[in-house]
Amino acid sequence: MQRLFLPLLIVVAAMFAYAPLAIANAPFESTMLLVQKIFYFHVPSWFVMFSGAFLCAGASVVYLAKGSKNADHYAVTGAELAVVFGLMGLITGPLWARKAWGVWWEWDVKLTLALVVWLTFVAYLLLRRYGGPGSEKLAAGVGIFGAANIPFVYYSVNWWRTIHPKTTVVPTLGPGMRGTFWFCVLAFMLLMVLIIAGRVRLERQRARVDELFLELED
């Protein structure tokens, strides 16, 4: 991965540099017009948020089952992705909602569940930071719980009455919008891969420094 890091970084930088041009050239949505273009950042950020949550949960299961420190590194990285990109989604959503719904925030089922999941991973990171010895295992349980709620967030628009668009929006995008949307999703997902590679490496180095510090104390 280290050999691929720099080429992938260049590709991701080029994609993000081109993304504003692609979004500007995408057709306007018939009712929301310009504000709908937030869609190209809002939805991909949730793709990464959900992926980070599932990474945290999967790695947490491995950590609890085998005690793998490497799995724990991936778990905390996934949680950080969930928090950062979830916050991006929670910021871009109200910007879009203000124009589409006339309010910044509505206690809609999907919005409320998304906020709860985001707060769960904030709690995960706080527990890791301030929970003391052994908090990694308790945090792992929190991460698994957070990811278990993701399907409810995604399918809530189909199960309950909600003002949020249903899951059928993306499959029904027009040709001009569809290509731009998936280009943005790919850019965000590749950025996620870069962040995971860099963050896990950093976490391994931090753990090694802690080990050396403990050896010096002994």
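A. The overall build of the protein, seen in detail. Counting its regular elements, the protein contains seven helices and zero strands. Along the protein, helices and strands appear, N-terminal first, in the series α-α-α-α-α-α-α. Each of the three principal axes of the protein carries a C-alpha extent, and together these read 70 × 40 × 25 Å. Every one of the 218 residues in the protein was classed for burial, and the buried ones make up 39%. Counting contacts in the protein only where the partners sit at least 6 residues apart, residues at least 24 apart contribute 74% of the total. Surface accessibility of the protein: about 12,300 Å² in total, with carbon and sulfur atoms responsible for 70%.

B. Focus on the side chain of Glu-203. Topologically, Glu-203 is positioned in helix H7 (residues 175-217). Polar side-chain contacts of Glu-203 include one of 2.8 Å to the side chain of Arg-199. Each residue touching Glu-203, except ones within four places of it in the same chain, is listed here: His-73, Val-76 and Arg-128.

C. Seen up close, helix H5 (residues 135-148). The terminal C-alpha atoms of H5, which comprises 14 residues, lie 20 Å apart, in line with the 20 Å expected from a rise of 1.5 Å per residue. Within H5, the full set of buried residues consists of Ser-135, Ala-139, Ala-140, Gly-143, Gly-146 and Ala-147. Mapping the buried residues of H5 onto a view down its axis gives an arc of 140°, with all of them on the same face. Opposite its buried face, H5 presents the exposed residues Lys-137, Leu-138 and Phe-145, each directed more than 90 degrees away.

D. Quick look at the packing of H5 against helix H6 (residues 150-159). H6 packs onto H5 with a crossing angle of 15° between their chain directions and a minimal axis gap of 4 Å. Regarding the angle of H5 to H6, the classification is roughly parallel. Here H5 contributes Gly-146, Ala-147 and Ala-148 to the contact with H6, which in turn contributes Ile-150, Pro-151 and Phe-152. Class assignment of the residues belonging to the contact of H5 with H6 gives a composition of five nonpolar, one polar and no charged.

E. Structural detail: the nonpolar core. In this structure, Met-49, Phe-121 and Tyr-124 are the most contacted members of the largest nonpolar core, which totals 29 residues. Of all the elements in the fold, those that place two or more residues in this core are helix H2 (39-66), helix H3 (69-100), helix H4 (109-130), H5, H6 and H7. Ignoring anything within four residues of it in the chain, the contact list for Tyr-124 reads Cys-56, Asp-72, Ala-75, Val-76, Ala-79, Ala-139, Ala-140, Val-142 and Gly-143. One finds Val-35, Trp-96, Cys-184 and Val-185 within the second-largest nonpolar core, a separate group that totals 13 residues.

Reading the values: rules and limits
Residues numbered from 1 in each chain as written. Predicted model: local features only at pLDDT ≥ 70, side-chain atom pairs only at ≥ 80, totals over all residues. Heavy atoms only, no water. Helix = DSSP H or I, 4+ residues; strand = E, 2+ residues; numbered from the N terminus. Buried < 20%, exposed > 50% of the residue type's maximum accessible area, 1.4 Å probe, protein only. Contact = heavy atoms within 4.5 Å. Areas by Shrake-Rupley, 256 points an atom, 1.4 Å probe, with all protein chains shown as cover. Polar contact = N/O pair within 3.5 Å; in protein donor to acceptor, adjacent residues only side chain to side chain. Expected span 1.5 Å × (residues − 1). Arc of directions from axis to C-beta. Axes fitted to C-alpha atoms, helices over the stretch in contact; angles between N-to-C directions. Parallel < 35°, antiparallel > 145°, perpendicular 65-115°, else oblique. Nonpolar A, V, L, I, M, F, W, Y, C, P; charged D, E, K, R; others polar. Core = buried A, V, L, I, M, F, W, Y, C linked by side-chain atoms within 4.5 Å.

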